[in-house]
Amino acid sequence: AQSVAQPEDQVNVAEGNPLTVKCTYSVSGNPYLFWYVQYPNRGLQFLLKYITGDNLVKGSYGFEAEFNKSQTSFHLKKPSALVSDSALYFCAVRDGGSGTYKYIFGTGTRLKVLA
Amino acid sequence: GAVVSQHPSRVICKSGTSVKIECRSLDFQATTMFWYRQFPKQSLMLMATSNEGSKATYEQGVEKDKFLINHASLTLSTLTVTSAHPEDSSFYICSASAGLLNEQFFGPGTRLTVL
């Protein structure tokens, strides 16, 4: 069975500092990994994805994530946080090797960037 | 990326009435659409998967007679919450993909409040 964990409910970071939002996953086949951001009362906005290829994935709004197979992690990072980055972030995984189409979402991490 | 819209963005209704939510793929043909439900401060839970022209597949615990899904065309799926009750109040998000195993693109969500 596939699963994804976001161990932190909330992450606080000062504006201008680097930020990391953690995500670990478990799948039996090849992982397809996604990061989404959600602002209040809004849907999910796609940030980036890893399907195959380079382990460092660059996405929207200056975000990037590194796929680490040995640690089964896909942490979201940004070199310099903005107050406007404050939102709810979801990691999602799909097992690309099993033929399943379902996305499994983590519980979400609330990012708060302090001015 | 592909654009998915939802209508209405928010709806308030009285207990016992039915509410229809539309999900449209604006710039691609969505053979598969997914309906998710998100409770406050929680993650997205898949409710059902619909393929154009066929019956929806519901997740365990989701009442198919309560949450009617119609996927009549390659650009439109509807979710009807029948005889709505306050416990049905939630944020409903749809996603669309060009195939069951293709990437999902998410709509902006619909906030349903049942009084």
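In short, a report on the structure.

Cut-offs applied
Residues numbered from 1 in each chain as written. Chains lettered and ligands numbered in written order. Predicted model: local features only at pLDDT ≥ 70, side-chain atom pairs only at ≥ 80, totals over all residues. Heavy atoms only, no water. Helix = DSSP H or I, 4+ residues; strand = E, 2+ residues; numbered from the N terminus. Rg over C-alpha atoms; globule rule 2.2 N^0.38 Å. Buried < 20%, exposed > 50% of the residue type's maximum accessible area, 1.4 Å probe, protein only. Contact = heavy atoms within 4.5 Å. Polar contact = N/O pair within 3.5 Å; in protein donor to acceptor, adjacent residues only side chain to side chain. Buried area = accessible area lost by both parts, 1.4 Å probe. Salt bridge = Lys/Arg side-chain N within 4 Å of Asp/Glu carboxyl O. Nonpolar A, V, L, I, M, F, W, Y, C, P; charged D, E, K, R; others polar.

Bringing the overall build of chain B into the picture now. Secondary structure assignment for chain B yields zero helices and eleven strands. Counting from the amino terminus, chain B carries its helices and strands in the arrangement β-β-β-β-β-β-β-β-β-β-β. Since a compact globule built from 115 residues should have a radius of gyration of about 13 Å, the 13 Å found for chain B is in line with a globular shape. Its C-alpha atoms give chain B principal-axis dimensions of roughly 35 × 25 × 25 Å. Within chain B, the fraction of its 115 residues that count as buried is 51%. The contacts of chain B with a sequence gap of at least 6 include a subset with a gap of at least 24, amounting to 56%.

On to the environment of B:Q38, then. Tracing the chain through its elements places B:Q38 in strand β4 (residues 32-38). Since its relative accessible area comes to 7%, B:Q38 is described here as buried. Separated by 52 residues in the primary sequence, B:Q38 and B:S90 place their C-alpha atoms 6.2 Å from one another. When neighbours within four sequence positions are excluded, B:Q38 is seen to be in contact with A:Q38, A:L88, A:F90, B:S43, B:L44, B:S90, B:F91 and B:I93. Within the local environment of B:Q38, its side chain forms a polar contact with the backbone oxygen of B:Q42, the two atoms lying 3.1 Å apart.

Take the interface of chain B and chain A next. Facing the 22 residues of chain B at the interface are 20 residues of chain A. Across the interface of chain B and chain A, roughly 1600 Å² is buried in total on both sides, 53% from carbon and sulfur atoms. For the chain B face of the interface with chain A, the top three residues by lost area are B:L101, B:E103 and B:F106, together amounting to 30%. Inspection of the chain B/chain A interface yields two salt bridges. The interface formed by chain B and chain A includes six residue pairs in polar contact (both at pLDDT 80 or more). Those elements that place two or more of their residues in the side of chain B that touches chain A are β4, β5 (44-51) and β9 (90-97) of chain B. Of the residues assigned to the side of chain B that touches chain A, the class counts are ten nonpolar, eight polar and four charged.

Before going further, it helps to spend a moment on the pattern of salt bridges. A complete count under the given rule lists six salt bridges over all chains for this structure. Across the pair A:K58 and A:E64 runs a salt bridge, and its minimum N-O distance is 2.9 Å.

In short, the description is geometric, and any link to function would need to be established separately.
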